[in-house]
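Structural characterization, general
One letter stands for each residue in the lines below.
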Amino acid sequence: MGAPLNRASDPQVQRQPGSTFKPIAIYGPAINERRITAATIIDDIPVYLLGEDKSAYPTNYDHTYAGLTSIRNGIKRSVNVVAAKVWQDILGPDLSLEYLDRVNINRDNERYLSLAMGGLYKGVNPLQMAAAYVPFVSKGIYYEPVTYTKVLDMQGNVLLEKKPKSSIVYDEAAAYVMIDMMRSVVRESGGTAVGLGQLQNGKMPTAGKTGTTSDNYDKWFVGFSPYYVGAVWYGYDHNASISSAESNRALQIWHDVMEKVHENLEPVQFTEPDGIVRKSICIYSGKTATDLCANDPRGSAVRNELFIKGTEPSDEDLCDVHVKAQVCKDSTDANGNHLLAGEYCPRDSVQEKIFIKRPVPYVPKKPGEKAPADIKYELPEGEYCNIHGPSQAPDLDDIDNNAPGGTDEMPYDRTLWTDFLEELDQTLPRVFRRDNR
């Protein structure tokens with residue numbers, strides 16, 4: 001009878017990593033290359049990256065689109081559209097594969113878009129994923145996993161010695177920005193690992209990333225503290241969909257094991273390196289926040305964001321997404337949104353509201369396409385109140401001769417007025433004629 005299969009480390013184990021692949025294949029490399037920041041904005045809208053003759057791809061797990069989304073929020077909510085756009089349009093497959101090589105995951109023959117969402121031809125095991133996350137907490141350095149360092153005989157002589165190989169993957173500042181963004185996954189509202197991704201009731205700092213594959217065949221969580229990195233895969237050897245009752249098992253296992261591992265460890269903070277700065281930015285433009293950002297109808301859009309020094313927006317680079325406009329509260333479009341106030345709207349019908357204005361307008365590419373959720377906050381440019389208009393004098397043809405106050409015996413004769421006006425038109429020039437004699 002052979003040895004049992006070790007699903008944590010055996011090379012035969014090749015599972016799809018899902019979204020746990022995004023930090024090592026996309027976001028870490030793009031941050032390190034200064035291609036993006038935590039505040040870079042990607043428009044989460046329907047995209048057709050396999051061709052417009054095909055269905056939307058990729059879609060998000062909940063089949064909705066949020067609209068303007070920062071990289072931080074794209075990681076926190078695991079937004080596939082954001083990841084795919086960064087991989088294809090900003091980072092590119094060459095750099096992505098190069099950085100995967102740096103963490104000892106060679107996929108040079110997998111240059112297709114699904115890699116951005118962890119859809120690999122050749123999968124990975126938990127040991128590979130844990131090792132690939134180590135650079136985030138070790139100042140950007142990758143260490144080859146080892147199971148021993150030395151073997152001694154009874155006299156203390158060294159029989160075997162293993163010195164792990166190491167190499168630089170990210171600079172320290174880039175690694176720290178990645179840590180901070182993955183902290184949002186476990187501790188901020190909307191994060192996919194809030195609750196179980198925390199240790200010691202939140203006292204021990206943690207960070208990480210969840211992952212789910214198509215048809216719920218695989219569930220992952222790769223998380224870490226300042227002390228340890230842990231990776232958990234949950235699924236079946238032969239693909240079978242994981243039930244809703246099992247959906248949090250990977251997180252639950254990670255939490256329970258890591259709680260014991262950290263039981264007698266003092267909470268310490270992740271070490272912030274030199275070269276990190278903070279700036280108040282708008283989470284929908286990525287630029288320096290204004291008063292309008294603080295009054296976004298969804299709640300304040302201002303965040304004190306981390307940047308690698310030199311990548312932060314300048315004080316003059318102000319948010320241009322939030323705009324202020326006057327609307328008429330009495331007129332709405334088909335979706336119930338107020339229209340812009342016109343010159344004839346009464347003063348008590350006019351209100352001032354904050355809107356967003358996309359840098360690139362959203363235009364549906366196909367009938368019935370699902371619009372992004374933030375479309376209802378867009379400035380209704382060119383759409384003015386259709387209720388209030390100029391006052392108009394009544395047309396003589398519309399006057400009712402038999403209206404109250406009139407008389408049946410003496411009906412209104414319009415020809416009398418016509419004759420009078422024609423005579424007046426002939427008389428006035430003679431009255432006011434200038435005598436030049």
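A brief structural summary. (Residues numbered from 1 in each chain as written. Predicted model: local features only at pLDDT ≥ 70, side-chain atom pairs only at ≥ 80, totals over all residues. Heavy atoms only, no water.)

1. Some details on the overall build of the chain
Helix and strand counts for the chain come out as 9 helices and 14 strands. The proportion of buried residues among the 437 residues of the chain is 41%. Restricting the contact set of the chain to residue pairs at least 6 apart, pairs at least 24 apart contribute 66%. Carbon and sulfur atoms make up 49% of the accessible area of the chain, which totals about 24,400 Å². (Helix = DSSP H or I, 4+ residues; strand = E, 2+ residues; numbered from the N terminus. Buried < 20%, exposed > 50% of the residue type's maximum accessible area, 1.4 Å probe, protein only. Contact = heavy atoms within 4.5 Å. Areas by Shrake-Rupley, 256 points an atom, 1.4 Å probe, with all protein chains shown as cover.)

2. Here we look at the side chain of Lys-22
By the element assignment, Lys-22 lies in helix H1 (residues 22-32). Within polar-contact distance, the side chain of Lys-22 engages the side chain of Ser-19 at 3.0 Å. Within the structure, the side chain of Lys-22 is placed 3.4 Å from the side chain of Ser-78, a separation counted as a polar contact. Aside from chain neighbours lying at most four places away, what touches Lys-22 is Tyr-27, Ser-78, Val-79, Asn-80, Ala-83, Ala-116 and Met-117. (Polar contact = N/O pair within 3.5 Å; in protein donor to acceptor, adjacent residues only side chain to side chain.)

3. Let's talk about the pairing of strand E7 (residues 207-212)
Most of E7 sits out of view: 5 of its 6 residues are buried. As judged from the 6 bridges shared by E7 and strand E8 (residues 218-224), these two strands associate in the antiparallel manner. Residue pairing for E8: Thr-212 is matched across the bridge by Lys-219. The turn linking E7 back onto E8 is made up of 5 residues, and Asp-215 within it adopts a positive phi angle of 60 degrees. (Pairing = 2+ DSSP bridges.)

4. So, the packing of H1 against helix H4 (residues 93-102)
Put simply, H1 and H4 touch, their axes get as near as 9 Å, and they point 100 degrees apart. The orientation of H1 relative to H4 falls into the category roughly perpendicular. From H1, Ile-24, Ala-25, Pro-29 and Asn-32 reach across to H4, where they touch Ser-96, Tyr-99, Leu-100 and Arg-102. Looking at the contact of H1 with H4 residue by residue, the class counts come to 5 nonpolar, 2 polar and 1 charged. (Axes fitted to C-alpha atoms, helices over the stretch in contact; angles between N-to-C directions. Parallel < 35°, antiparallel > 145°, perpendicular 65-115°, else oblique. Nonpolar A, V, L, I, M, F, W, Y, C, P; charged D, E, K, R; others polar.)

5. Here's the deal with the side chain of Asp-374
With respect to the element layout, Asp-374 can be found in the loop between strand E14 (350-356) and helix H9 (414-431). Classification of Asp-374 as buried rests on a relative accessible area of 1%. Among the polar contacts made by the side chain of Asp-374, one reaches the side chain of Arg-358 at a distance of 2.6 Å. Dropping the residues within four chain positions of it, Asp-374 is found in contact with Ala-66, Gly-67, Leu-68, Arg-298, Ile-356 and Arg-358.

6. Regarding the pattern of salt bridges
Following the criterion strictly, the structure yields 25 salt bridges and no others. We note a salt bridge from Glu-110 to Arg-107, for which the minimum N-O separation is 3.7 Å. Arg-107 carries the same exposure label as Glu-110, and that label is buried. When salt bridges that share partners are traced, they join Arg-72, Lys-76, Asp-180, Glu-188, Arg-303 and Glu-305 into one network. (Salt bridge = Lys/Arg side-chain N within 4 Å of Asp/Glu carboxyl O.)

7. A short note on the environment of Gln-14
With respect to the element layout, Gln-14 can be found in the segment before H1. Sequence separation between Gln-14 and Gly-123 is 109 residues; the distance between their C-alpha atoms is 4.0 Å. Apart from residues no more than four positions distant in its own chain, Gln-14 is found in contact with Lys-122, Gly-123 and Val-124.

8. What about the sheet that holds E7?
The strand order across the open sheet built from 3 strands is E7-E8-E9, with neighbouring strands paired in antiparallel fashion. At either end of the open sheet lies a strand with only one pairing partner, and these are E7 and strand E9 (229-235). Within the sheet, the average angular offset between the axes of one strand and its neighbour, ignoring direction, is 10 degrees. Bridge analysis of E8 against E9 gives 7 bridges, and the strand direction is antiparallel. In the strand pairing of E9, Gly-223 is matched with Gly-230.

9. Comments concerning the state of the cysteines
Applying the stated rule across the entire model yields 0 disulfides. Cysteine Cys-319 shares no disulfide, and the gap to the nearest cysteine sulfur, in Cys-293, comes to 3.6 Å. (Disulfide = S-S within 2.5 Å.)

10. Quick notes on helix H6 (residues 172-187)
Since one α-helical turn is 3.6 residues long, residues separated by three or four positions face the same way. With 16 residues, H6 should cover 22 Å at 1.5 Å per step; its first-to-last C-alpha distance of 23 Å lies within 8% of that length. Across the 16 residues of H6, 14 count as buried, placing the element largely inside the fold. N-cap assignment for H6: the residue whose side-chain oxygen lies 3.2 Å from the backbone N of Ala-173 is Asp-171. (Expected span 1.5 Å × (residues − 1).)

11. A short note on the sheet that holds strand E13 (residues 338-340)
One open sheet accounts for 3 strands, arranged E13-E12-E14; its pairing is antiparallel. Since the sheet does not close on itself, it has two edges, and those belong to E13 and E14, each with one partner. On average, each strand axis in the sheet is tilted by 55 degrees relative to the strand beside it, whichever way the strands run. Where strand E12 (residues 322-332) meets E13, 3 bridges bridge the pair, whose relative direction is antiparallel. Note on E13: the bridge partner recorded for Cys-328 is Leu-339.

12. Examining the packing of aromatic side chains
Under the counting rule described, the total for this entry stands at 6 aromatic pairs. Between Tyr-99 and Tyr-170, the aromatic rings sit 6.0 Å apart at their centres with planes inclined by 10 degrees, giving stacked as the arrangement. Here the residue Tyr-99 occupies a position in helix H4, and Tyr-170 occupies one in the loop between strand E6 (166-168) and H6, the gap between them amounting to 71 residues. Take Tyr-99 and Tyr-170: they sit in the same class, and that class is buried. Look at Tyr-133 and Phe-136: their rings are 5.5 Å apart centre to centre, the planes differ by 85 degrees, and that puts the pair in the edge-to-face class. Taken together, the residues span about one helical turn, with Tyr-133 and Phe-136 both in helix H5 (residues 126-137) at a distance of 3 residues. By relative accessible area, which is 0% here, Tyr-133 ends up buried. (Phe/Tyr/Trp six-rings, centres within 6.5 Å; stacked < 30°, edge-to-face > 60°.)

13. Concerning unusual backbone geometry
Looking along the chain, the bond that leaves Tyr-57 and enters Pro-58 is cis, with omega of -5 degrees. Inspection of the secondary structure puts Pro-58 in the loop between strand E1 (41-44) and strand E2 (67-70). Phi is positive for Lys-139, which is not a glycine, with a value near 60 degrees. Topologically, Lys-139 is positioned in the loop between H5 and strand E3 (141-143). If you check the backbone angles, Asn-201 has positive phi at about 55 degrees while not being a glycine.

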